[in-house]
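Below are the chains, spelled out letter by letter.
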Amino acid sequence: MQLRYQFRVYPTPGQQIALARAFGCARVVFNDGLRLRQTAHEQGLPYVSDAELSKRVITRAKTTPERAWLGEVSAVVLQQALADLNTAYRNFFHSVSGRRKGRMVAPPRFRSRKDNRQAIRFTRNSRFTVLDNGRLRLPRIGDLTVRWSRTLPSDPSSVTVIRDAAGRYFASFVVQTGEDEPLPPTDAEVGIDLGLTHFAVLSDGTKVAAPRFLRRAARRLKRLQQALSRKQRGSNRRGKAVVKVARAHARVADTRRDWQHKLSTTIIRDNQAVYVEDLCVVGLGRTRLAKSVHDAGWSSFVGMLEYKAARVRHEALSNRTEVRDHRRVAVAAAAWKLGAV
C-alpha cells in the first residue's frame, strides 16, 4: 500500500526564493505544454505526444533566450510538471470516452501565478535525500529543516513541496508499506448515520455532536474578510490581509481534520465492520444547507474510515449501503445492531 506522510518544513529566506523560482518554472512549463497542444488542436494537427512535448517545451526551450532560465531549477521538477499535464489530459479523455466513472472531468486549464497554492514534485531520479541530521536535501534548493512528527516506514519514492495559501511550507512523502499487523478480531459491528444536528449517530445509540468548526469561527472570519475588503487592490496591506484570511481558514481545516482522524481511528479500533450510508454530498451542496454540509466534511471522514479499515482490518469499506431516507437508515442501523447484516 502506498501512503503519504506530510510534514511541516521551514525554508530559509534564500530557500524560499529558490522554491519560488522552481514553482514559477514548473508553472511555465505546464502552461507552455498546454498552449502547444491547444494550438495543435485548433489548427487540426495531430496530438502532440508526451516525448515530443518534453523535447519542445523543456529541452529546446532551454536553448532559447526567452526560456534560458529554466536551466536554473532541477530538470525533474519540469518533467513532473509535464507529467501532471499528461495525467490531466488522460483523465479528461477517459472521462469523455466513459472509461472513467463519476462526474465529467474538465480539460486542463492554465495555472495562474496569482494562485496562492503552489507545488513541485521530486522523484528518486532527482536524488533528494533525508540526511542523518533530519534535514531534507533537495537539488538546487538546499537542506530544508523538517519538523518530524513520526518516522517514515520506508524510503520515500517521491516528495512534493507545497506552499499553501497561508504561506506555510510542507513536504509530502510517498512511501510504500507492507502489510500492517491487523488488529485483534472483535465481534462488534457498527452502522453510522451521518447528519448535521449530530455529526454521526451510531447503531449502538451513541450520538456524536457536530462540532461546527466553520460556524464557530464565523465571527472572526467575517471580521478578517471585512478588513480585507477595505484594502486597496494591489497594495501590500491587501496582500497581508489575504494571508490573514487564509491562515484563519487553514486553522479551521486543520482542526476539523484532526478531530475526524481521532474519531475515525476510535471507530475502526473498536469495530470489526463499519457500515456507512452513501450520501450525495454534491447534490446536498447545492441546497440551502450547503454551508453546513461542507462544514461537516462527510466525504473526508468516510475516506479516513476506508483507508484505515484497509490497513488494520484488511478489508476496505467499498460496500457502503446506499440509503435514501432516514427511515431506511433507522431500519438498517437496527439490523446492524442485531447482527442481521
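Residues numbered from 1 in each chain as written. Predicted model: local features only at pLDDT ≥ 70, side-chain atom pairs only at ≥ 80, totals over all residues. Heavy atoms only, no water.

Student: Any chance you could explain the overall build of the protein here in plain terms?
Tutor: If you tally the helices and strands in the protein, you get ten helices and eleven strands. In terms of overall dimensions, the protein has C-alpha extents of about 75 × 55 × 50 Å along its principal axes. Within the protein, the proportion of its 341 residues that are buried is 39%. Intrachain contacts of the protein at a sequence separation of at least 6 include 67% that bridge at least 24 residues. (Helix = DSSP H or I, 4+ residues; strand = E, 2+ residues; numbered from the N terminus. Buried < 20%, exposed > 50% of the residue type's maximum accessible area, 1.4 Å probe, protein only. Contact = heavy atoms within 4.5 Å.)

Student: Quick question: what am I supposed to make of empty space enclosed by the protein here?
Tutor: Going through the model one piece at a time under the given rule, you end up with two cavities of 30 Å³ or more. The space that makes up the largest cavity amounts to roughly 50 Å³. Along its surface, the largest cavity is lined by Ala18, Arg21, Ala22, Glu72, Val73, Ser74, Val77, Phe122, Pro139, Arg140 and Ile141. At three residues, the largest contribution of residues to the lining of the largest cavity is made by helix α1 (residues 13-42). (1 Å grid on protein atoms, 1.4 Å probe; cavity = no way out; pocket = protein on both sides within 12 Å on 5 of 7 lines; lining within 4 Å. Points joined across faces, edges and corners; volume = space filled by probe spheres on them.)

Student: It is not clear to me how the packing of helix α5 (residues 218-229) against helix α6 (residues 236-270) should be interpreted in this structure. Could you clarify?
Tutor: For any two helices packed against each other, one specifies the inter-axial angle together with the distance between the axes. Between α5 and α6, the least distance of the axes is 9 Å, while the angle of their chain directions is 165 degrees. In terms of axis orientation, α5 runs roughly antiparallel to α6. Seen along the crossing, α5 lies across α6 with a hand that is left-handed. Contact residues: α5 offers Arg220, Leu221, Leu224, Gln225, Leu228 and Ser229, while α6 offers Arg238, Ala241, Val242, Lys244, Val245, Ala248 and His249. (Axes fitted to C-alpha atoms, helices over the stretch in contact; angles between N-to-C directions. Parallel < 35°, antiparallel > 145°, perpendicular 65-115°, else oblique. Left-handed = near helix turned anticlockwise from the far one by under 90°.)

Student: Would you explain the packing of α1 against helix α2 (residues 50-59) in this entry?
Tutor: In contact at an axis separation of 10 Å, α1 and α2 are set at 120 degrees when each is read in the N-to-C sense. Between α1 and α2, the angle falls in the class oblique. As for how α1 packs across α2, the hand of that crossing is right-handed. The residues of α2 that touch α1, namely those facing Val29, Asp32, Gly33, Leu36 and Arg37, are Asp50, Leu53, Arg56, Val57 and Ile58. Of the residues belonging to the contact of α1 with α2, the class tally is five nonpolar, one polar and four charged. (Nonpolar A, V, L, I, M, F, W, Y, C, P; charged D, E, K, R; others polar.)

Student: Please clarify how the sheet that holds strand β1 (residues 2-10) should be interpreted in this entry.
Tutor: Picture the strands of a sheet paired through backbone hydrogen bonds; they go either parallel or antiparallel. Strands sit in the order β2-β6-β7-β1-β5-β4-β3 across an open sheet of seven strands; the sheet is antiparallel. A single partner strand is all that each edge strand has here, and the edge strands are β2 (118-123) and β3 (129-130). Pairing geometry for strand β6 (residues 158-163) and strand β7 (residues 169-176), over six bridges, is antiparallel. Bridging from a neighbouring strand, serine 158 pairs with valine 174 of β7. On the sheet, α1 packs against β1, β2, β5 (142-147), β6 and β7 and is oriented at approximately 90 degrees with respect to β2. (Pairing = 2+ DSSP bridges.)

Student: Even after reading the chapter, I still don't get the side chain of glutamine 15, so can you show me in this structure?
Tutor: Position of glutamine 15 relative to the elements: it lies in helix α1. Given a relative accessible area of 10%, glutamine 15 falls into the buried group. Within polar-contact distance, the side chain of glutamine 15 engages the backbone oxygen of aspartate 143 at 2.8 Å. Setting aside chain neighbours within four positions, we find glutamine 15 in contact with Tyr10, Ile141, Gly142, Asp143 and Leu144. (Polar contact = N/O pair within 3.5 Å; in protein donor to acceptor, adjacent residues only side chain to side chain.)

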